[in-house]
2 protein chains.
Amino acid sequence: VRAIATAEIIAVGSEMLGPDRTDTNSPQITRRLNTLGIEVRAKRIVGDDLEGLAASVADALERVDLLVLTGGLGPTDDDLTREAVARVLGRAVREDEALVRAIRARFERRGMRMPEINRRQAQIIDGAEPLANPNGTAPGQWIEHGEQLVVLLPGPPGEMAPMLDAMIEERLGRRAGSHRLARRSVRLAGTTESHAEERLRPLYARWASRDPVIAATILAARGQLELQLSLRSADPAAGDLRLDEAVADVQDAFGGDVFSVGGQSLEEVVGALLRDRGWRIAVGESCTGGLVTGRLTEVAGSSAYLDRGVVAYSNRAKTELLGVAEDLIAAHGAVSEPVALAMAEGARHLAGVEVGVGVTGIAGPGGGTPAKPVGTVIFAVVVPERHRTRTALLPGGRSLVRLFATTAALDLVRRTILDV
Amino acid sequence: VRAIATAEIIAVGSEMLGPDRTDTNSPQITRRLNTLGIEVRAKRIVGDDLEGLAASVADALERVDLLVLTGGLGPTDDDLTREAVARVLGRAVREDEALVRAIRARFERRGMRMPEINRRQAQIIDGAEPLANPNGTAPGQWIEHGEQLVVLLPGPPGEMAPMLDAMIEERLGRRAGSHRLARRSVRLAGTTESHAEERLRPLYARWASRDPVIAATILAARGQLELQLSLRSADPAAGDLRLDEAVADVQDAFGGDVFSVGGQSLEEVVGALLRDRGWRIAVGESCTGGLVTGRLTEVAGSSAYLDRGVVAYSNRAKTELLGVAEDLIAAHGAVSEPVALAMAEGARHLAGVEVGVGVTGIAGPGGGTPAKPVGTVIFAVVVPERHRTRTALLPGGRSLVRLFATTAALDLVRRTILDV
């Protein structure tokens, strides 16, 4: 049999054709298919309409080896995936008695009678093998059609995902080619997407010139970048070696801007640095309104190193809670390096901990001046051996300025501790 | 000419066929088309491949009145939308001299020479009308094809969105039928999706029995519900009246659980309540780690009513920063109603403001006990006339517990101020 190399994904359900719900299954399916070296050629969302669905199935089967459908396997009259696929393949649909018994047993375990309409979920396309659904009543279906494959999975993500995993492990791996996809992720802070692209261009050229070729994608979010590297290879050890070399290339090019190569978040990296040194941290923040402390405490076990956070929005709060001298605010303004540093020192001193962070700025939309426009945010970090301050002009509106500022604050903690 | 009633959307670009990037244009396009009463029948994402793209265009034109394509209008060889559409429609593509001049002028305004490859963006399908793109070099194209319409828009959302708005206003409105979509949104807190569904069932039946029929969708996020009501009507005034009645039905059924009927967020509603009374607020939070204060300060101008927030993660911080008596923590535990109330009273008293909030709980994954399992979060709010406490068992892992807790905290502030 020919190896499965190309796929299309169809998500079935009229609710996803409105403006508010989207198809969250396809990215998961794509990621898992890519792992097997299978390329997704198209994705579509179609409504609960037999004609339209059947036309889409027929259209997709003209172009790809594997068609994955999610959704439309429920018990009601508008669940039409089984019928549509059967029609296109020219096969009948029959009720499977073993499946009826399994569905009935599932209801009985919860002390309920199976409603008669659920019999519909026991309908199997001729020649299909049912795929067990541990979290729901609708089984999946695996259908070999000549050299092509059609797979039906239920729509609810909690049911779909474990069935997808089992199918990838048990069945699809054997049908895919010998090539596998390997990935690495390198995360960076303190550089922009366009600057990073510039510095990466010679690396892209180098990676593209050797076999296996490494593909690279940059994702930007909250002022952080994630560089994803991937390659397809029939030899996993050789592929891993190539990717390790590429990661080292990126580390050489970006130095201290690289904060993780193993997928850790910036808050996890900062937490590990503190934990390694047995240090505790206290935060004094103004324009970020609690979000810096919020990110630090997103990490389970952060109570081991986070002592406290103070959101000092008013000048009075900066003085009362962080010990910032009124004179200092009067002399330099609340958004100034001396005040940011006094906030960091005050947080550190009052909490009696090793590391203090201060953040003050103008998130907007009001409050900007020509000298300090909206987006001006000032950061200070004090650790036992040294302190640092940084003034940044962050892009976007209020929400984005605040999000970017949380990244810049955590990144300055990292750089100050590591002295990079 | 027949009115445009059905549509399909094709997003073009191989980058959206990987696992990490998604098509964010389609939901926007859907929302605007729905406003004109146009139903979206299918959406798809296809790669930068001439054969596959042409096949998708041909397939879509067999079923709908309007085909909207986004992306693939750039200057490089893999921007193939123009060629694919021209091929399916059996038309030629020609370079438009006026467009070349406009693109060149755009570069010159930025002090740059137009690269020769950008000529490609001046290619127009025979018979197409160009759609101006104020934010980029690629114009859109509006193509009448018999009674059908094909529209090409650029992929970058910042370019696409204003062009979509202009097209909806200026051209598409005239081609759509006389029915228009009207919407209302009702937001609720303090009830679950399934409980809300139960109480809404008789309302759904009432709304479905009268003409024009009201369609309802519930979206759940962060412990809040949004009920979206919509109807299609040729008579806007009658439609508005029907929707106003339906909103009143929901308010009758849910009472104080409804926090907004005009689209305001919970933090905006709380901010308006404080502002109306000239009150200020201070927050003492533990397990939410700054996120309650973070949400309050998401609102522009919140410095008018937010004085300070304190993240008292350690018991010592609760005592030092919020004046919670050590004995109280020893007697009841840090996660208890007396401690939550003392945190709210301490925050209020130390800041000298009218409203105090206290939040303490177990976000997990560790720290749970049989009596206080992970997800136990206790809230207290003190206002001048009264105080309230609430103990909740919130679902999900650490992140979800924290998000749900921010909603529950803000909602308790609202209910305590309003006494509902």
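Residues numbered from 1 in each chain as written. Chains lettered and ligands numbered in written order. Predicted model: local features only at pLDDT ≥ 70, side-chain atom pairs only at ≥ 80, totals over all residues. Heavy atoms only, no water.

(A) Inspection of the overall build of chain A at higher detail. Summing up its helical and strand segments, chain A has 13 helices and 17 strands in all. Computed over its C-alpha atoms, the radius of gyration of chain A comes to 28 Å, more than 25% above the 22 Å expected for a compact globule of 420 residues. Each principal axis of the C-alpha distribution contributes one length, and for chain A these read about 85 × 55 × 40 Å. Each of the 420 residues in chain A was classed as buried or not, and the buried ones make up 55%. Considering only residue pairs separated by 6 or more positions, chain A has 68% of its internal contacts joining residues 24 or more positions apart. When the accessible area of chain A is evaluated, it comes to approximately 16,900 Å², of which 52% is carbon and sulfur surface. Positive and negative side-chain charges of chain A, numbering 50 and 55 respectively, have mean locations separated by a distance of 2 Å. (Helix = DSSP H or I, 4+ residues; strand = E, 2+ residues; numbered from the N terminus. Rg over C-alpha atoms; globule rule 2.2 N^0.38 Å. Buried < 20%, exposed > 50% of the residue type's maximum accessible area, 1.4 Å probe, protein only. Contact = heavy atoms within 4.5 Å. Areas by Shrake-Rupley, 256 points an atom, 1.4 Å probe, with all protein chains shown as cover. Lys, Arg positive; Asp, Glu negative; His and termini not counted. Charge placed at Lys NZ, Arg CZ, Asp CG, Glu CD.)

(B) Seen up close, the interface of chain A and chain B. In this complex, chain A contributes 59 residues to the contact, which on the side of chain B involves 58 residues. Across the interface of chain A and chain B, roughly 4,500 Å² is buried in total on both sides, 47% from carbon and sulfur atoms. Taken together, the links from chain A to chain B amount to 36 residue pairs in polar contact (both at pLDDT 80 or more). Looking at the side of chain A that touches chain B, the element that brings in the most residues is strand S2 (residues 39-46) of chain A, giving seven residues. When the residues that make up the side of chain A that touches chain B are grouped by side-chain class, the tally is 23 nonpolar, 18 polar and 18 charged. As defined by bridge partners, S2 of chain A adjoins strand S2 (residues 39-46) of chain B across five bridges and the pair is classed as antiparallel. (Buried area = accessible area lost by both parts, 1.4 Å probe. Polar contact = N/O pair within 3.5 Å; in protein donor to acceptor, adjacent residues only side chain to side chain. Nonpolar A, V, L, I, M, F, W, Y, C, P; charged D, E, K, R; others polar. Pairing = 2+ DSSP bridges.)

(C) Highlighting the sheet that holds strand S11 (residues 224-233) of chain B. Residues and elements named next belong to chain B. Spatially, S10-S11-S9-S12 is the arrangement adopted by the four strands of the open sheet, whose pairing is antiparallel. Of all strands in the sheet, those bounded by a partner on one side alone are strand S10 (215-221) and strand S12 (258-260). When the angles between neighbouring strand axes are averaged without regard to direction, this sheet yields 35°. (Axes fitted to C-alpha atoms, helices over the stretch in contact; angles between N-to-C directions.)

(D) Highlighting the pairing of strand S1 (residues 6-12) of chain B. Residue and element names in this part refer to chain B. The buried fraction of S1 is high, at seven of seven residues. Across the two faces of S1 the burial is the same, with Thr6, Glu8, Ile10 and Val12 and Ala7, Ile9 and Ala11 all buried. Both S1 and S2 contribute to a ladder of seven bridges, which runs parallel. The residue bridging Glu8 from the neighbouring strand is Ala42, located in S2. A crossover connection joins S1 to the parallel S2 through helix H1 (residues 25-35); in handedness this β-α-β unit is right-handed. Where S1 lies against strand S3 (residues 66-70), five bridges are found, and the strand directions are parallel. Considered in S3, the bridge of Ala7 is made with Leu66. (Right-handed = clockwise from strand over helix to strand, strands pointing away.)

(E) Highlighting the relation of the copies chain A and chain B. Mapping chain A onto chain B is achieved by rotating through 180° and translating by 0.1 Å along the same axis, at an RMSD of 0.1 Å. In symmetry terms, the pair is related by a two-fold rotation axis. Both copies present the same face, since 98% of the interface residues in chain A are matched by interface residues at the equivalent positions in chain B. (Least-squares fit on C-alpha atoms with pLDDT ≥ 70 in both.)

(F) Seen up close, helix H8 (residues 266-277) of chain B. All names here are of chain B. Its twelve residues place the ends of H8 17 Å apart at the C-alpha level, agreeing with the 16 Å of an ideal helix rising 1.5 Å per residue. Residues of H8 that are buried sit in contact with S11, S12, strand S13 (281-285), helix H9 (291-296), strand S15 (355-361) and helix H13 (398-418). At the exit of H8 stands Gly278, carrying a positive phi of roughly 65°. (Expected span 1.5 Å × (residues − 1).)

(G) Spatial organisation of unusual backbone geometry. All names here are of chain A. Cis peptide bonds are those with omega within 30 degrees of zero, and the linkage from Asp211 to Pro212 qualifies with -5°. Residue placement: Pro212 occurs in the loop between helix H6 (193-209) and strand S10 (215-221). A positive phi angle, near 55°, is found at Arg222, a position not held by glycine. Its place among the elements puts Arg222 in the loop between S10 and strand S11 (224-233).

(H) Spatial organisation of the pattern of salt bridges. All names here are of chain B. Counted according to the given criterion, the structure contains 76 salt bridges over all chains. A salt bridge links Glu116 to Arg119; the shortest N-O distance between them is 2.8 Å. Owing to a relative accessible area of 25%, Arg119 belongs among the partly exposed residues under this scheme. (Salt bridge = Lys/Arg side-chain N within 4 Å of Asp/Glu carboxyl O.)

(I) Representation of the packing of aromatic side chains. Residues and elements named next belong to chain B. Counting across every chain of the model gives two aromatic pairs over all chains. Above the ring of Trp142, the side-chain terminus of Arg171 is found at 5.3 Å from the ring centroid. For the cation-ring pair, Arg277 lies above Trp279, with the distance from its terminal atom to the ring centre recorded as 5.9 Å. (Phe/Tyr/Trp six-rings, centres within 6.5 Å; stacked < 30°, edge-to-face > 60°. Lys NZ or Arg CZ within 6 Å of the ring centre and 35° of its normal.)

(J) A look at H6 of chain A. All names here are of chain A. Look at H6: 23 Å from first C-alpha to last across 17 residues, which is about the 24 Å you get at 1.5 Å a residue. Its maximal kink placed at Leu200, H6 deviates by approximately 45°, while the proline Pro202 follows within four residues. Among all positions in H6, only Ala196, Leu200, Leu203 and Trp207 are buried. Looking at the packing, one finds that the buried side of H6 touches S10, S11 and helix H7 (236-254). (Bend = angle between axes of the 7 residues up to and from the residue.)

(K) A look at the confidence of the model for chain A. In the predicted model, chain A carries a mean pLDDT of 94, and 100% of its residues have values of at least 70. Interface scoring of the predicted complex returns ipTM 0.83; its pTM is 0.85. (pLDDT = per-residue confidence, 0-100.)

(L) Representation of the side chain of Arg175 of chain A in the model. Residue and element names in this part refer to chain A. By the secondary structure assignment, Arg175 is in helix H5 (residues 157-175). Judged by its relative accessible area of 11%, Arg175 is buried. Within the local environment of Arg175, its side chain forms a polar contact with the side chain of Glu144, the two groups lying 2.7 Å apart.

(M) Region of interest: the packing of helix H2 (residues 50-61) of chain A against helix H3 (residues 81-89) of chain A. Residues and elements named next belong to chain A. Between H2 and H3, the shortest axis-to-axis distance is 9 Å and the interhelical angle comes to 50°. Taken together, the axes of H2 and H3 lie oblique to each other. Between H2 and H3 lies a crossing of right-handed hand. In this structure, H2 contributes Leu50, Glu51, Leu53, Ala54, Val57, Ala58 and Leu61 to the contact, and H3 contributes Thr81, Glu83, Ala84, Val85, Arg87, Val88 and Leu89. (Parallel < 35°, antiparallel > 145°, perpendicular 65-115°, else oblique. Left-handed = near helix turned anticlockwise from the far one by under 90°.)

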